[in-house]
Amino acid sequence: NGIELEVDDYTGRLQVTAMSEDAKKQAASLALDQVVMLELENAKGMPGLAIKNVFSPDIPDHLPNKSRSEAYAVLISDLHVGSKYFMQQEFLRFLDWLASGDDDDVVRKIKFLCIGGDLIDGIGIFPNQDKELLMMNAAAQMAYTTKLLSKIPKHIKTFIIPGNHDPGRRALPQPIFPEATSGGLYGLENCTMLGNPAYVELNGVKVLMFHGQSLDDVIATTPGMSYQRPAEAMKVLLKARHLSPTYGGRTPVAPESEDMMVMTEIPDIFHAGHVHVTDVDSYRGTLVVNSGAWQAQTKFQQTMGITPSPGIAIVVNLATLQPFKQDFNLMTT
């Protein structure tokens, strides 16, 4: 009838139990291995200590920064170029929309594009991947991606981080794309390569870009989480003030001397991808965006019961932080 936690610090380990409904709800929302502070009391009718309150590092309630002038940022991720399931026609439609310029009131005000990783499908990322590929060479996938991204109008500043399918190391934090295997990305004058995770400031608005690998661990270990609502899992990371709190799970984390996954700054926008499901929410003043994908449902996703929502870009008015979805799927009647 309770939830038992084992907590540890430099003095040792302690087993405690959440018995009240409030304490159980708080304890269930914790990510494994995250930093936590507990208020404890003697348990009634049982040995040991009971949890009275749970305190996470959490982000504070805050008024987000906003742009002084009206400007738009577009958030996308997970192209998976090279895959048979890459939605090329929808992505070309998106690129044509960006280039439509004066014909569209929104497009005229787009100043920034943030791409949250997994530009390509990669090679050898999962078993039997070759059966799902159109391009069997990562260099060819990257070169074709560069060709596509070269169509982005030059006045739109584009920020790109890697994902777990991209070239380079897969352990977090991920460095920027290796130039030798970038397929010419560094030759695009309006594109800036960043590591994963990365902070960018867009007209004064702080955006935390993170591909989102650790969402797999959060969804697998936190009751009530689902791949269909990734924003809820992203809130767990905000509460933990850490982008990959669970160690030794599905997410590889490099043993750096400094933990680079701690959220030292409070983002105005928290942007992730990875799970291929579009979801938008807000938490304590931070706009939470998972920007979906440009890859149709794969056989693996079918077996996992994941229904992606691809072909959609999230557009944010930086002056108001109001988001809206721009759908590039063909509408049928």
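Read on for an overview of the structure. Keep in mind that what you see is a predicted model, and the values were worked out from it rather than measured. (Residues numbered from 1 in each chain as written. Predicted model: local features only at pLDDT ≥ 70, side-chain atom pairs only at ≥ 80, totals over all residues. Heavy atoms only, no water.)

## What to know about the pairing of strand S6 (residues 110-115)
Here's step 1: With five of six residues buried, S6 is to be regarded as a mostly interior element.
Here's step 2: One ladder, built from five bridges, connects strand S5 (residues 72-76) with S6; its direction is parallel. When the bridges of S6 are listed, Ala-73 appears paired with Phe-112.
Here's step 3: Handedness of the crossover joining S6 and strand S7 (residues 157-160) through helix H4 (residues 138-149) is recorded here as right-handed. (Buried < 20%, exposed > 50% of the residue type's maximum accessible area, 1.4 Å probe, protein only. Helix = DSSP H or I, 4+ residues; strand = E, 2+ residues; numbered from the N terminus. Pairing = 2+ DSSP bridges. Right-handed = clockwise from strand over helix to strand, strands pointing away.)

## A look at the sheet that holds strand S12 (residues 278-283)
Each strand in a sheet pairs with another by means of backbone hydrogen bonds, the pair being arranged parallel or else antiparallel.
Here's step 1: The five strands lie next to each other as S9-S10-S11-S13-S12, forming an open sheet whose pairing is mixed. Edge positions in the sheet fall to strand S9 (198-202) and S12, since each has one partner strand and no second. When the angles between neighbouring strand axes are averaged without regard to direction, this sheet yields 20 degrees.
Here's step 2: Bridging between strand S10 (residues 205-209) and strand S11 (residues 269-272) involves three bridges; their strand directions are parallel. Counterpart to Val-207 in the pairing with S11 is Ile-269.
Here's step 3: Helix H6 (residues 230-240) rests against S11, S12 and strand S13 (286-291) of the sheet, and its axis sits at about 40 degrees to S12. (Axes fitted to C-alpha atoms, helices over the stretch in contact; angles between N-to-C directions. Contact = heavy atoms within 4.5 Å.)

## Here's the deal with the pairing of strand S4 (residues 49-55)
Here's step 1: Two elements, strand S2 (residues 12-18) and S4, share two bridges in a ladder whose sense is parallel. Bridge assignment links Val-16 to a residue of S4, and that residue is Leu-49.
Here's step 2: Pairing of strand S3 (residues 37-42) with S4, which is carried by six bridges, proceeds in the antiparallel orientation. Counterpart to Leu-40 in the pairing with S4 is Ile-51.
Here's step 3: Between S3 and S4, which pair antiparallel and follow one another directly, the connecting turn spans six residues, one of which, Gly-45, has a positive phi of 75 degrees.

## Considerations on the packing of aromatic side chains
Here's step 1: A full pass over the atoms with the stated rule returns nine aromatic pairs.
Here's step 2: Each residue in the set Phe-86, Phe-91, Phe-94, Trp-97, Trp-294 and Phe-328 is aromatic and connected to the rest through ring pairs, giving one cluster. (Phe/Tyr/Trp six-rings, centres within 6.5 Å; stacked < 30°, edge-to-face > 60°.)

These values are about where atoms sit, not about what they do.
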